[in-house]
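Each chain, written out:
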Amino acid sequence: MKYRNRIIPILLVILGSCIDPLDVNIDREVNVLIVEGAITTQPGPHFVKLTRSAKYGSIFDGYVRPIAGANVAIRDSEGKVVLLREVADSPGVYATSADFKAVVGKSYTLLISTLQGLEYTSLPEKVIQAPQSLALSVEYKKTQVTEKEFRSGLDVLATFDDNPEAQNYYMWKNNGTYKIKTYPEDYIGRNSEGDPVPQPKDCCEFCWLEEINGDPTIRLLSDNNVNGNRVTDVAAFIEDDAVRFYEKYLIRIEQHTLTREAYQFFNLLKEQLSINGDIFDPPPATLRGNMINLTNPDENVIGYFRVSDVVIDSLYLTKEMMAEPRPLRRINNDCRVYKNATTIKPSYW
Amino acid sequence: MNNKLGRLFFIQIVLLALVLQSGCIPDSKVQNVVITEDVLYISGEKVRLTGRVIEATGAVDDHGFYISTDADFTSPITISLGPKANGLGRFIGEYDQLDINTGYYYKSFANIKGQEVTGQIKEFASLKPSLDIFFPQEGFAGTAITIVGSNFTLDTKVFVGDTEVILESLENESVITVRVPQIVNSAEEPIRVQVQDTIMIFQSPFAYYFGKWEKEAIFFDNRQIYENMFAFDNGQLIFGMGSDGQGNFNTQIWGLDLTTYTWSDLSFPGNLPMWSPFSSNGYWGSGVESRSFGGTVLSPYFWRYAGGVFEQKPFLNFRLYQSVALHLNGDLYVFGGKNADETDNFTIHRYQEFLNVWDIAGAAPVVLSNAYPYFAYNNKAYFLLPEGDIWQFDPAEGWTIVAAFPGNVEMGGIADVLNDKVYIGLFENSSLVWEWDINNDNWVKKAMFPGSIRDITIAHFTYNNKIYVFRSKFSGGQYEIDPRMELWSLDPQALK
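Note that this is a predicted model, so its numbers are computed, not measured.

Draft legend 1. Representation of the state of the cysteines within the structure. All names here are of chain A. According to the stated counting rule, one finds two disulfides over all chains in the structure shown. Disulfide partner of Cys207: Cys335, at an S-S distance of 1.9 Å. Linking Cys207 and Cys335, the disulfide has an S-S dihedral of approximately 65 degrees and is accordingly described as right-handed. Taken as a pair, Cys207 in strand β15 (residues 206-212) and Cys335 in the loop between β21 (310-317) and β22 (341-342) lie far apart in primary sequence, 128 residues in all.

Draft legend 2. Molecular detail of the nonpolar core. Residues and elements named next belong to chain A. Counting residues in each nonpolar core, the largest one holds 29 residues, and the members touching the most others are Val156, Ile253 and Leu317. Contributions of two or more residues to this core are made by β11 (150-161), β12 (169-181), β15, β17 (230-239), β18 (249-258) and β21. Those residues in contact with Ile253 that lie beyond four places of it in its chain are Leu134, Leu136, Val156, Trp172, Lys173, Asn174, Ala235, Ala236, Val311, Ile312 and Asp313.

Draft legend 3. Structural context of the packing of aromatic side chains. Tallied over the entire structure, the rule returns 66 aromatic pairs over all chains. Considering the side-chain rings of Phe278 of chain B and Phe318 of chain B, the 6.2 Å spacing of their centres and the 25 degrees angle between planes classify their relative orientation as stacked. Here Phe278 of chain B is found in strand β25 (residues 278-280), whereas its partner Phe318 of chain B is found in the loop between β30 (309-313) and β31 (324-328), with 40 residues between them in sequence. With a relative accessible area of 0%, Phe278 of chain B lands in the buried category. Following the ring pairs from residue to residue traces out a cluster consisting of Phe375, Tyr382, Phe405, Phe427, Trp434, Trp436 and Trp443 of chain B. If you follow Lys179 of chain A out to its NZ or CZ, it ends over the ring of Phe206 of chain A, 4.8 Å from the centre. In this structure, Lys248 of chain A is placed above the aromatic ring of Trp349 of chain A, and the distance from its NZ or CZ to the ring centre is 4.9 Å.

Draft legend 4. Seen up close, the environment of Arg306 of chain A. Residue and element names in this part refer to chain A. Mapped onto the secondary structure, Arg306 falls in strand β20 (residues 302-308). For Arg306, a relative accessible area of 6% gives the class buried. C-alpha separation for the pair Arg306 and Trp172, spaced 134 residues apart in sequence, amounts to 13 Å. The contact partners of Arg306, leaving out residues within four places of it in the chain, are Gly37, Ala38, Ile39, Glu125, Met171, Lys173, His256, Leu258 and Phe266. At a separation of 3.0 Å, a polar atom in the side chain of Arg306 contacts the side chain of His256.

Draft legend 5. Local environment of the environment of Phe230 of chain B. All names here are of chain B. Here Phe230 shows up in strand β21 (residues 229-233). Taking the C-alpha atoms as reference, Phe230 lies 8.2 Å from Trp284; in sequence the two are 54 residues apart. In this structure, Phe230 is in contact with Ile238, Phe239, Ser279, Ile458, Ala459 and His460, ignoring residues within four places of it in sequence.

Draft legend 6. Spotlight on unusual backbone geometry. With an omega of 0 degrees, the peptide bond between Gly44 of chain A and Pro45 of chain A qualifies as cis. Mapped onto the secondary structure, Pro45 of chain A falls in the loop between β1 (33-40) and β2 (47-53). A cis amide bond links Cys203 of chain A to the next residue, Cys204 of chain A, at an omega of 0 degrees. Topologically, Cys204 of chain A is positioned in the loop between β14 (196-198) and β15. Even without glycine at this site, Phe73 of chain B takes up a positive phi of about 55 degrees.

Draft legend 7. Structural detail: the sheet that holds strand β35 (residues 374-377) of chain B. Residues and elements named next belong to chain B. Ordered in space as β35-β36-β37-β38, the four strands form an open sheet in which the pairing is antiparallel. Two strands close off the open sheet at either side, each with one partner strand: β35 and β38 (398-404). Adjacent strand axes in the sheet meet at a mean angle of 25 degrees when their direction is disregarded.

Draft legend 8. Seen up close, the confidence of the model for chain A. Residue and element names in this part refer to chain A. Per-residue confidence for chain A averages 87 on the pLDDT scale, and 85% of its residues sit at or above 70. Ranking the elements of chain A by mean pLDDT puts helix α1 (residues 2-16) last with 51 and strand β6 (residues 93-95) first with 97. Across residues 12-28 the pLDDT falls below 50, and counting only partners more than four positions away or on other chains, this stretch makes 10 contacts in the model. Confidence over residues 56-60 falls short of pLDDT 50; this stretch has three contacts with residues more than four positions distant or in other chains.

Reading the values: rules and limits
- Residues numbered from 1 in each chain as written.
- Chains lettered and ligands numbered in written order.
- Predicted model: local features only at pLDDT ≥ 70, side-chain atom pairs only at ≥ 80, totals over all residues.
- Heavy atoms only, no water.
- Disulfide = S-S within 2.5 Å.
- Helix = DSSP H or I, 4+ residues; strand = E, 2+ residues; numbered from the N terminus.
- Core = buried A, V, L, I, M, F, W, Y, C linked by side-chain atoms within 4.5 Å.
- Buried < 20%, exposed > 50% of the residue type's maximum accessible area, 1.4 Å probe, protein only.
- Contact = heavy atoms within 4.5 Å.
- Phe/Tyr/Trp six-rings, centres within 6.5 Å; stacked < 30°, edge-to-face > 60°.
- Lys NZ or Arg CZ within 6 Å of the ring centre and 35° of its normal.
- Polar contact = N/O pair within 3.5 Å; in protein donor to acceptor, adjacent residues only side chain to side chain.
- Pairing = 2+ DSSP bridges.
- Axes fitted to C-alpha atoms, helices over the stretch in contact; angles between N-to-C directions.
- pLDDT = per-residue confidence, 0-100.

Shown next as structure tokens:
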């Protein structure tokens, strides 16, 4: 017993000596520069958005401030420099000229110099050539959400021939156009007492809506297991929300090539966004992009300057492609109340 | 027995603790490790490299990079970044005196506790410079031009012709601003850029706006005239009538002999005012004779001056002021202007000298006035309209728009033809004259008028391959130190 009484303090002294104090420096992770920017082989303008997170724990917690008045340039691997101009009325957003587009095979570097004299650079990003054989098809998909609810829509599948001579990484983006019908003559407004009263509107029952990233999911693919094959993968899921398929939905799929580093970044970002709190979630990790502070290379800069070759294909989606289309929702209002709605019929419609 | 067991147990526990503790003792095999990372930036003379200290057994006293043109690093360039305060981590080094278009090896290094460790050897090649464009590609001496290219070094030299010019700015190693010097020998000079030992020349030269203005003569007194007649006949400028700018009509006509530069009063026999008459090649007529609350009275007079003699022609069968007169196929045409009631005239009046009769030769489709430039070329009349269109009137074919003026049109300009080129400009408050190659529809600017731009051109003509302008002072000359009217010439082909 007397030995036991001696052992415990000795063990504590010996073992305790190997515990390093955790150096938590909160300030290191505040006021972080956030860079969101990409250039592609499509005609510009291409945009770079610069923001900085507000001080941790302040009343502006969670608020991001635009970085206005910075000098922003893109330099290619031959030394040619393109200056970006800050977009009027959009502080912190910088744009290339409309005639600028990236060239396959060249590398590009984003250079940022802030009004405070801080200089940042990206690591050089090379434009990898995209396969030219993109073709789109669709598959109806229905997923039970709860006992009584389900989500349905169309998986838009991209099929292409992967380049066998290189390791390739892809990202898909989508945007769409669709026509909606509403019933402005049945609009119900409210009188001065706040009671609902019929207030028919003269206009408008037909509109066309543009939506960017109707499917906001980050869609990525590595050709690790399919190198050189004909590949088919889901590029977007367009949900039947009882509004989109009044007539047809024009989906435009952009297939972007990525570097390995960009793929890893966006894959990690995708994983982080998928965390919903259960034990099977991946552990949170620091998202380090390809931006570097020249005077303090260890500063954490969030974001990625991406360069991509892009191939685009489009397809009209119709409700006939769906096994169980939802009945259309009746909207008793002017169709122009929808964001990005226009009554002008697009030329391609 | 128990004591023995207890002692044994104690010894075992202590040994176990020592074993466990050994896991915490820094591994004696830990080494100093530095790795060479990427090239962040490369241009003609500048490189930005990254490296990383992965492991360090002590303080990093110095770190950086070696750069060399040979893989053995026999006499390397050293980028020394000094002590690394935070020990491990990434570091960036920069060097800006590379030779362009040259291959280099580089490796990172760190000095830790007196021991130098280096990273792996990597390679890069400095870039070669190139030229894309320069603009503007034409202009006056002193014009700032922007040269766009890539990988310009700090010691880049720019030559306009053989003249080296000072770099006003060099931005992003790709945009240079310089000013073109005075013309030396040629109106076109190549733009040459020298980066280290590489010389590049733009395919298109810089084209100077050239020409030479000279003040030729000054009127003999302080009188001014405006809205006058003028003609150039046999080496003599004649001008007169109109008004004096003080509210008085002028009925005198003077002459200037350009061979002797002598002024003379030509003793014009007419004594009634003709304000803003038409005039062409020594013929002039009509204009305002009087103005009162009762209305405007227009003059019916029609005169000719030739060989030093004034000849009164028959009264006109029309009355106009601010109209335009030009000779086409030997006939005098009168266009536009205003009637006494200030309505616009569209009728074209033609005077055939050999028949001594006036007839009507059609109608103009637009409002025409002597306030804007007009000229005759190859028996066709041309009119520059305020909106910039140049209309052509061909007596045989009628009216067409043939060109667009590239600048802004104001009142009071000139248009004169010299050697198949038309010189248009010198509008009110402007010193600019354009040369229009009418056969190739090519426009270039000429040397800026050096005189007062507030002056008003009251006569213009060509003589001895020069364009002459005779100018009154603004507002009767009341604001001028020397209010005398001035005769200037422009030699459009003179370089300086």
